[in-house]
Number of protein chains: 2
Amino acid sequence: MPTLSEVARHAGVTPATVSNVLRNRGRVGEATRQRVLEAVDALGYRPHLAARALAEGRAPTLALMVSSIANPFYPEFALAVERAARTSGHFVIICNTNEDPVTGRAYLDQIAGTLSEGVLVTNANLELADLHVTESRGTPVVLCMWERPDDPPGLPCVAVDFRLAGELAGKHLLELGHRRIGAIVGSKASGVHATRYEGFVDALRAAGVRRNRVRHAADTIHGGYTAARALLEADPQLTAIFATNDLPALGAMHAAADLGLAVPGDLSVVGITDIQLARESRPALTTVAVPTVEVAGLAVSLLRELIESSYGQNARGKTKVPMRVSSAPQLVVRASSGTPRSR
Amino acid sequence: MPTLSEVARHAGVTPATVSNVLRNRGRVGEATRQRVLEAVDALGYRPHLAARALAEGRAPTLALMVSSIANPFYPEFALAVERAARTSGHFVIICNTNEDPVTGRAYLDQIAGTLSEGVLVTNANLELADLHVTESRGTPVVLCMWERPDDPPGLPCVAVDFRLAGELAGKHLLELGHRRIGAIVGSKASGVHATRYEGFVDALRAAGVRRNRVRHAADTIHGGYTAARALLEADPQLTAIFATNDLPALGAMHAAADLGLAVPGDLSVVGITDIQLARESRPALTTVAVPTVEVAGLAVSLLRELIESSYGQNARGKTKVPMRVSSAPQLVVRASSGTPRSR
DNA sequence: TTGAAAGCGCTAACAC
DNA sequence: GTGTTAGCGCTTTCAA
């Protein structure tokens, strides 16, 4: 691979000039500019990103921490993040923690600040403490899907009103006339879905519905399947199931199928997120859509701001911890929910 | 972030010694070794990956080119690649080409050789010519899912016998008694699925079945859905549909559902790959499994070898272009295929 | 066993 | 406008 100096020699100028041409810095004569450009593609020169990073004191990538890329939500989100990141010339390194805090920390330790100049975190089972460490070492961190706009995490974040999401799901079911509704709450361990469930319960309570069955489940189709069967076994009179995420909701539909229950005839199902699969399931899933692309955009631009200001003189400005709030989740009614019929 | 020299100063030695300790190179006295190690974690030192890359003349990442991370096969594959890559200390940068050769080339130009020391390519709609260019510039490239073990692409690759996969699918359907079988062939543009279809046709031919309907489709659920409807409309007597990939197969099942056809009672459906969703659909999809994890492992280790030897003195050894062949695809019978019943 | 010195490819002051 | 000079943080001969 040709280097800057080789290009310079070829063009009969110094490396500095080539650098200036390539990044439109400093004044360069039109003639030399041409000569340099010719040399560049005569030699097929491409800048060495690692060298540039070292010289600039910054890195060309952003790290995206995800708990499991096998969960289809994350690829969707990652795609949106990548698109946003490319607009500022950043590459994205996707770091799979596999729900393991140790792996997560290892990634942070190795990448943050040396390969990546910023870190985006989804529900990656990372300890907030670890994130604070990276941040205190100078690498900005943004939490991407904070669930409670009203309860900041102490780190920069993009929040989504997930309580509202749960509430909308609950209201929808109530309006259809459901009263015996089961709930599947995901991600028990980290407790991230608690807020969604709260919103749901609030809706029921407001409608005077007091009792409802709950089951925790892994955030997978299978988890939802198992939970739904348990729910339906405990109370065969259930006419609807609400899940705090789409994957378990999809699992609930499978459970219904296996039990010979028609959806939505015998059982309505509602999820949260609106992943691609929700549109593609049969019947298509009614869900509360989260503005994924918007969140990705907000997260990247917030991270970018933090990065820029971290290089600025006011790096120790230590103002308030910023938070962006996405637009509100929205109910998307599809075919999996309907009026209850007695069985 | 503390640097090597700061650690050195702190430990009362020179940078060279610290480096030696950290990488177990050269002889270092046990006493100093201890002192260095203490200094390292007293200061929370972490090596600067970009600096190291520059000094070593190699990069810490591998690039994985994929056409669309939204297609659930790729995250699964990426996960396996990432796991394999971590064993050699590599990070993985996932490069989404979005089926666009220009984007693909842009990624290659920027990353290959400067951020990544090797490139893994799945069906990313990249021109082979572009790949040859990167390779000729010194960055090893491995094609990950070559479809024809008997017809090498001229680049290092991991091949899977996809002709056999198609054949197995065809045979399975024939053995169940199907004779009127429709086929959905994906990725028309790149023609990558032609081999799979050939295998399928060979199976039919061997059984004396001459005619069969075909439809091309995008490699998505929706693509399969549309194609299946067209197929079924053209020939309502079809008792089975074979798709060259799981996603379109899933789409075919949806089409059946919408047309009021029971799967597998009225229509059997078979795919190829065995992605996670194949197990999770209702009914679960019969498919020919491709050894994804194995392929990822083979690809990464082949790439690693190429990288090592590219740094060796025999870099211009120019022996034969290596190819690895994965173990054979295997039929996985699930619930979407069964004996045809007349309608 | 440890230190000194050069250099990886690039950028950024500053001088000419 | 263009060249000179350091130097980013690390590795790696080669001396001591």
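Up top is the structure these notes are about.
Quantities reported herein were computed from a predicted structural model and do not represent experimental measurements.

Visitor: Mind showing me how you'd approach the overall build of chain A here?
Guide: Summing up its helical and strand segments, chain A has 13 helices and 12 strands in all. Across its three principal directions, the C-alpha atoms of chain A cover 85 × 40 × 30 Å. A total of 343 residues make up chain A; the buried ones form 52% of that total. Residue pairs in contact within chain A that sit at least 24 positions apart in sequence constitute 71% of those at least 6 positions apart. Looking at chain A as shown, the accessible area adds up to about 14,200 Å², and 52% of this sits on carbon and sulfur atoms. For chain A, the distance from the average site of its 36 positive side-chain charges to the average site of its 33 negative ones is 2 Å.

Visitor: What should I look at first to understand the protein's contact with DNA strand C in this one?
Guide: Of all residues adjacent to DNA strand C, which total 24 residues, the nearest are A:Leu4, A:Tyr45, A:Arg52, B:Arg27 and B:Gly29. Between DNA strand C and A:Arg25 there is a distance of 3.2 Å, counted from a phosphate oxygen to a side-chain nitrogen or oxygen. Contact between DNA strand C and B:Thr32: a phosphate oxygen at 2.7 Å from a side-chain N or O atom of the residue. Elements represented by at least two residues in the surface near DNA strand C include exactly helix H2 (15-23) and helix H4 (49-56) of chain A together with helix H2 (15-23) and helix H4 (49-56) of chain B. Tallying contributions element by element places H4(A) first for the surface near DNA strand C, with four residues.

Visitor: What's the story with the relation of the copies chain A and chain B in this structure? I'm lost.
Guide: Two copies of one chain are present, and they are related through a rotation about an axis combined with an axial shift. Of the transformation superimposing chain A on chain B, the axial component is 0.0 Å and the angular component is 180°, with the fit at an RMSD of 0.1 Å. In short, the pair behaves as if placed about a two-fold rotation axis.

Visitor: Can you help me understand the interface of chain A and chain B in this one?
Guide: Interface size is often expressed as the accessible area that is lost when the parts come together. Residue-level contacts link 45 residues of chain A with 44 residues of chain B. Carbon and sulfur atoms supply 60% of the area buried between chain A and chain B, which totals about 4,000 Å² over both sides. Breaking the side of chain A that touches chain B down by element, the ones donating at least two residues are H4, helix H5 (73-86), strand S2 (91-96), helix H6 (101-111), helix H10 (221-234), helix H11 (246-258) and helix H12 (276-280) of chain A. Of the residues in the side of chain A that touches chain B, the class split is 26 nonpolar, 10 polar and nine charged.

Scoring rules and cut-offs
Numbering of residues begins from 1 in every chain and follows the order in which that chain's sequence is written. Ligands are numbered from 1 and chains lettered from A, in the order in which they are written. Owing to the predicted nature of the model, reporting of local features is limited to residues with pLDDT of at least 70; listing and counting of side-chain atom pairs is limited to 80 or more, with chain, interface and lining totals taken over all residues. Computation of side-chain values covers all heavy atoms of the structure but excludes hydrogens and water. In this description a helix means any DSSP run of H or I spanning at least four residues, a strand means any run of E spanning at least two, and both kinds are numbered starting from the N terminus. The classification of residues rests on relative accessible area computed with a 1.4 Å probe and restricted to protein chains. Under 20% of the type maximum is buried, over 50% is exposed, and intermediate values are partly exposed. By the convention used here, residues are in contact when the closest approach between their heavy atoms is within 4.5 Å. Note that accessible areas follow from Shrake-Rupley with a 1.4 Å probe, and for residues the cover is restricted to the protein chains shown. Note on charges: Lys and Arg go in the positive column, Asp and Glu in the negative column, and His and the chain ends are not counted at all. Think of each charge as sitting on NZ of Lys, CZ of Arg, CG of Asp or CD of Glu. Nearness is defined per residue: one heavy atom within 4 Å of the molecule or strand is enough. Within 3.5 Å is the distance limit for a polar contact, defined as a pair of N or O atoms, with the added protein rule that one can donate a hydrogen and the other accept it, and that residues adjacent in sequence qualify only through two side-chain atoms. Alignment of the copies relies on least squares applied to C-alpha atoms, considering only residues that score at least 70 for pLDDT in both. Buried area is calculated as the accessible area (1.4 Å probe) missing from two parts once they are joined, with the contributions of both summed. Side-chain classes are defined by residue name, with Ala, Val, Leu, Ile, Met, Phe, Trp, Tyr, Cys and Pro counting as nonpolar, Asp, Glu, Lys and Arg as charged, and the others, Gly among them, as polar.

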